[in-house]
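Observations on the model geometry
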Amino acid sequence: MERLDPASALVLDAKDVGRRPGAMHAVERTAGAPADFGTDVIAVPEGQPLALDVRMESVHEGVLVTGTVSGTAVGACVRCLDDIDLPVDARFQELFVWPDRAEHHREVDAEHDQDEEHQIVDDMIDLETVLRDAVLPSLPFQPVCRDDCPGLCSQCGARLEDDPEHHHDVIDPRWAALEALAPLAGSQGSSETETNDEKRN
Ligand SMILES: [Zn+2]
Ligand SMILES: [Zn+2]
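Below is a summary of the structure that appears in this document. None of the values given here were measured: they were computed from a predicted structure. (Residues numbered from 1 in each chain as written. Chains lettered and ligands numbered in written order. Predicted model: local features only at pLDDT ≥ 70, side-chain atom pairs only at ≥ 80, totals over all residues. Heavy atoms only, no water.)

When its secondary structure is counted, the protein chain shows 4 helices and 9 strands. Written out in order from the N terminus, the α and β elements of the protein chain read β-β-β-β-β-β-β-α-β-β-α-α-α. Across the protein chain, every contact between residues at least 6 apart in sequence was considered, and the portion connecting residues at least 24 apart equals 58%. Summing over all exposed atoms, the protein chain offers an accessible surface of approximately 13,300 Å²; the carbon and sulfur share of this is 48%. (Helix = DSSP H or I, 4+ residues; strand = E, 2+ residues; numbered from the N terminus. Contact = heavy atoms within 4.5 Å. Areas by Shrake-Rupley, 256 points an atom, 1.4 Å probe, with all protein chains shown as cover.)

With that out of the way, let us pick up the coordination of the zinc ion (ligand 2). Protein-derived coordination of the zinc ion (ligand 2) comes from C153 (SG), C156 (SG), H166 (NE2) and H168 (NE2), at a distance range of 2.0 to 2.3 Å. Coordination at the zinc ion (ligand 2) comes from 4 donor atoms whose angles at the metal span 105 to 116°, giving a geometry best classed as tetrahedral. On the primary sequence, the residues serving as donors to the zinc ion (ligand 2) are separated as C-x2-C-x9-H-x1-H. Of the two residues, C153 is situated in the loop between α2 (128-135) and α3 (173-188) and H166 in the loop between α2 and α3; the sequence distance between them amounts to 13 residues. Overall, C153 belongs to the buried group, its relative accessible area being 10%. (Donors = N, O, S within 2.8 Å, 3.2 Å for Na, K, Ca; no water. Tetrahedral: all angles 85-135°; square planar, octahedral: opposite > 155°, others 65-115°. Buried < 20%, exposed > 50% of the residue type's maximum accessible area, 1.4 Å probe, protein only.)

On to the side chain of S58. Along the chain, S58 falls in strand β5 (residues 49-58). For S58, the side chain forms a polar contact with the main-chain oxygen of R20, separated by 3.3 Å. Among residues more than four places away in sequence, those in contact with S58 are V17, G18, R19, R20, P21, G22 and A23. (Polar contact = N/O pair within 3.5 Å; in protein donor to acceptor, adjacent residues only side chain to side chain.)

The final tally for this structure, using the stated rule, is 10 salt bridges. Notably, a salt bridge pairs R55 with E57, separated by 3.7 Å at the nearest N-O pair. Owing to a relative accessible area of 36%, R55 belongs among the partly exposed residues under this scheme. Notably, a salt bridge pairs R146 with D148, separated by 2.5 Å at the nearest N-O pair. By relative accessible area, which is 34% here, R146 ends up partly exposed. Taken together, the shared-partner salt bridges connect D82, R146, D148, R159, E161 and D162 into one network. (Salt bridge = Lys/Arg side-chain N within 4 Å of Asp/Glu carboxyl O.)

Bringing the coordination of the zinc ion (ligand 1) into the picture now. At the metal site, the zinc ion (ligand 1) is ligated by C77 (SG), C80 (SG), C145 (SG) and C149 (SG), and these contacts range over 2.3 Å. Mapping the donors of the zinc ion (ligand 1) onto the primary sequence gives the spacing C-x2-C-x64-C-x3-C. Of this pair, C80 sits in the loop between β6 (62-76) and β7 (83-97) while C149 sits in the loop between α2 and α3, placing them 69 residues apart in sequence. Overall, the relative accessible area of 8% leaves C80 in the buried class. Looking at C149, the relative accessible area reads 5%, which means it is buried.

Moving on to the pairing of β5. As paired strands, strand β2 (residues 24-32) and β5 are joined by 9 bridges and run antiparallel to one another. Bridge assignment links T30 to a residue of β5, and that residue is A51. Pairing analysis gives 8 bridges linking β5 to β6, with the strands arranged antiparallel. The residue of β6 that forms the bridge with L52 is V69. The turn linking β5 back onto β6 is made up of 3 residues. (Pairing = 2+ DSSP bridges.)

Take a look at the structure:
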């Protein structure tokens, strides 16, 4: 198992709350966002501040961690490609189990997916996975700068918000093809050639 870095602001020290059930410890701090904290279209950039407001509560099996995380995700509007700042504000609550209680906890809570079980490792509680699970599902798949963003012109890419009257005289592609042929027909006399061919046959 990867060793947790006690210097990381995303890691809490379980010793701060101890093992006496009912004990509480509050932590307020700002941590730098980990890498890839978001999706391809919108994310909190690595190292940007995540404000954590956390309450640790000692329970029989481990430490119940309850809190909020807030920060600012950045991305681009999928319609007009403008930069977007999106406030992120998520709540979480997760039980971190003491290693010596983990076996028992699993028996009691057999339904619980073991992959999702969080353990206290070397007296440390790593919040990264919990924060990801809290924040990432709340991010929009298709972020927009505002709900009625008109986006870009499909013909030329102009910003429709800057130029609402914007339009193009659309020529039917079939007429456009004929217009392109017309001058050729006149200059090369292709119709005459056809007529000659018919006579020979
Ligand atoms: Zn937009
Ligand atoms: Zn246009």
